[in-house]
Amino acid sequence: MTMWQAIILGTVQGIAEFLPISSSGHLLVLQRVFGLDLPGMTFDIVLHIGSLCAVFAVFWRDILSLIKNPLQKMTGLLIIGTIPAVIAGYLLKEDIDRLFNQGFYLASAFVFTGILLMVADSITHVHKTEKDITILDAVVIGCMQAVGLPPGISRSGATITGALVCGLNRETAAGYSFLLSIIAVVGAGTLEFAYVVQNNVGVYRGDIPAYMVGFAMAAVSGYFSIRLLLRLIKKCKLRYFSYYLFALAAWILVDRFILHRFFMH
C-alpha cells in the first residue's frame, strides 16, 4: 500500500463514516473510478480504530458516564438499538455483499439516503431529550441502523432520521446515533479482527508507516466530520448532503448507461 492510498482511504473513511454520505459507498466509488484497492482486513481494522478515536474525542463525557455507570438506562437503550442491525447483518450478509458489484443499486442507495436527509430536515416537532427516549424509540432507531447496512445508505443518516421521526430533539438524535455507532464499529472491528487472527493475516513491516498515516487521517477527519455534522443538524442543513448525493447518483447512472465505463455491473 502506498502512502497516498493510505491518506485517501483514511480521509474518506473518517469523513464518510460520520457525515451522512455512506463510507462503504464512497470507498466503492474510489475503487471503481480511481483504481484504488479497497483496504485489506487489517488496514480496515486500523481505520475503524481511528474512527472510534474521533467519537471518543467528541463524546468522551457521555462515554465516561457509561463506563462509570454501566447499568444506567442509556446502556440498555444502546444495546436494544444494536440488536436489529446484528440480526439483519447475520441474515442478509451474502445479499449485502452482492450489492457491492451493482452500479445501479449504488446510485439508487445514494438517492435513498438523500431523500432520508431531506425528510430529516423537514421534521420540526422534536422535543424529546435523552431521559425521554423509550424502548420503542430504540427499536425504531435500531431498525433504521439496519437499513443503513448496505453500501450507499448512510448509517448515521438513517439513524438520525429515525431518531427525529421518534421525536428526539436534534442534539439528542445526533448524540444517540454516534453512541450507537461505537457499538457498530466495535462489533465490525471485532469480527474482522477474529478473521485476521483465525486466518493468520499478517502485516508487512514496510506497510506500517502507511497504516499509521491511515489511522491518523481517519481520526482527524472523523473528528472534524462529527463536529460539522452536529452543527448542520442543529441548523437543519442536512439537505446540502442530499444535493451532493443526488449529483453523485446521477453521475453514476450516466457513467453506467451512457459512457459504459466503471459502473457496468
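Up top you'll find the structure we're talking about.
This write-up is about the structure you can find in this document. Since this is a predicted model, take the numbers as computed values, not measurements.

Helices and strands together make up the secondary structure of the protein chain, namely 11 helices and 0 strands. Ordered by position from the N terminus, the helices and strands of the protein chain form the series α-α-α-α-α-α-α-α-α-α-α. The C-alpha radius of gyration of the protein chain comes to 18 Å, within 12% of the 18 Å expected for a compact globule of 265 residues. Expressed along its principal axes, the backbone C-alpha trace of the protein chain runs to roughly 50 × 45 × 35 Å. Residues counted as buried form 51% of the 265 residues belonging to the protein chain. Within the protein chain, counting contacts between residues at least 6 apart in sequence, those at least 24 apart form 82% of the total. Accessible surface, the protein chain as shown: approximately 13,100 Å² in total, 69% of it carbon and sulfur. Here the protein chain contributes 19 positive and 15 negative side-chain charges, whose respective centroids are spaced 8 Å apart.

Residues other than glycine seldom take positive phi values, yet serine 22 does so here, at roughly 75°. Here serine 22 falls in the buried class, since its relative accessible area comes to 3%.

Turning our eyes to something else, we now look at the layout of surface pockets. The volume enclosed by the second largest pocket comes to roughly 310 Å³. Lining the second largest pocket are 14 residues, and of these Phe59, Asp62, Glu171, Gly175 and Leu230 sit closest to its centre. For the lining of the second largest pocket, the secondary-structure elements that each account for two or more residues are helix H4 (60-68), helix H9 (170-198) and helix H10 (208-234). Per element, the largest residue contribution to the lining of the second largest pocket is 5 residues, and it comes from H9.

On the surface, Ile79, Ile83, Ile87, Tyr90, Leu91 and Leu92 cluster together into a nonpolar patch covering about 660 Å² of accessible area. When you line up the elements, tyrosine 90 lands in helix H5 (residues 73-98). For tyrosine 90, a relative accessible area of 70% corresponds to the exposed category.

A separate point is the packing of aromatic side chains. For the structure on display, the rule yields 5 aromatic pairs. With centroids separated by 6.2 Å and ring planes inclined at 80°, the aromatic side chains of phenylalanine 104 and phenylalanine 257 adopt a geometry described as edge-to-face. Residue phenylalanine 104 is located in helix H6 (residues 103-122), and its partner phenylalanine 257 is located in helix H11 (residues 239-259); the two are separated by 153 residues in the primary sequence. Overall, the relative accessible area of 45% leaves phenylalanine 104 in the partly exposed class.

Running from amino to carboxyl end, helix H1 (residues 3-18) crosses H10 at an angle of 25°, the nearest separation of the two axes being 7 Å. Classified by the angle their axes make, H1 and H10 are roughly parallel. Every pair of crossing elements has a handedness; the one defined by H1 and H10 is right-handed. Taken together, the residues of H10 that come into contact with H1 (itself represented by Met3, Ala6, Ile7, Gly10, Thr11, Gly14, Ile15 and Phe18) are Pro209, Ala210, Val213, Gly214, Met217, Ala218, Ser221, Gly222, Ser225, Ile226 and Leu229. Its residues assigned to classes, the contact of H1 with H10 comprises 12 nonpolar, 7 polar and no charged.

Let us now look at the environment of leucine 229. With respect to the helices, strands and loops of the structure, leucine 229 is situated in helix H10. Note on leucine 229: relative accessible area 0%, which makes it buried. With residues near it in sequence (within four places) discarded, leucine 229 still touches Phe18, Leu19, Pro20, Ile160, Phe178, Leu238 and Phe241.

Moving on: H6. Every α-helical turn comprises 3.6 residues, leaving residues that sit three or four positions apart pointing alike. The first and last C-alpha atoms of H6 sit 29 Å apart over 20 residues, in line with the 28 Å expected at 1.5 Å per residue. Buried within H6 we find Gly103, Tyr105, Leu106, Ala107, Ala109, Phe110, Thr113, Gly114, Leu116, Leu117, Ala120 and Asp121.

The next subject is helix H8 (residues 155-165). Burial analysis of H8 places 10 of its 11 residues in the buried class, which makes it a mostly covered element. What H8 keeps buried is the set Arg155, Ser156, Gly157, Ala158, Thr159, Ile160, Thr161, Gly162, Ala163 and Leu164. Positive backbone phi, at 95°, marks glycine 167, one or two positions downstream of H8.

On to a positive patch on the surface, then. A cluster of basic residues, Arg61, Arg227, Arg231 and Lys235, forms a positive patch at the surface. Within the element layout of this structure, arginine 231 appears in helix H10. Arginine 231 gets classed as partly exposed once you look at its relative accessible area, which sits at 48%.

Parameters at a glance
Residues numbered from 1 in each chain as written. Predicted model: local features only at pLDDT ≥ 70, side-chain atom pairs only at ≥ 80, totals over all residues. Heavy atoms only, no water. Helix = DSSP H or I, 4+ residues; strand = E, 2+ residues; numbered from the N terminus. Rg over C-alpha atoms; globule rule 2.2 N^0.38 Å. Buried < 20%, exposed > 50% of the residue type's maximum accessible area, 1.4 Å probe, protein only. Contact = heavy atoms within 4.5 Å. Areas by Shrake-Rupley, 256 points an atom, 1.4 Å probe, with all protein chains shown as cover. Lys, Arg positive; Asp, Glu negative; His and termini not counted. Charge placed at Lys NZ, Arg CZ, Asp CG, Glu CD. 1 Å grid on protein atoms, 1.4 Å probe; cavity = no way out; pocket = protein on both sides within 12 Å on 5 of 7 lines; lining within 4 Å. Points joined across faces, edges and corners; volume = space filled by probe spheres on them. Patch = residues over 30% accessible without salt bridge, like charges linked within 9 Å, V, L, I, M, F, W, Y side chains within 5 Å. Salt bridge = Lys/Arg side-chain N within 4 Å of Asp/Glu carboxyl O. Phe/Tyr/Trp six-rings, centres within 6.5 Å; stacked < 30°, edge-to-face > 60°. Axes fitted to C-alpha atoms, helices over the stretch in contact; angles between N-to-C directions. Parallel < 35°, antiparallel > 145°, perpendicular 65-115°, else oblique. Left-handed = near helix turned anticlockwise from the far one by under 90°. Nonpolar A, V, L, I, M, F, W, Y, C, P; charged D, E, K, R; others polar. Expected span 1.5 Å × (residues − 1).

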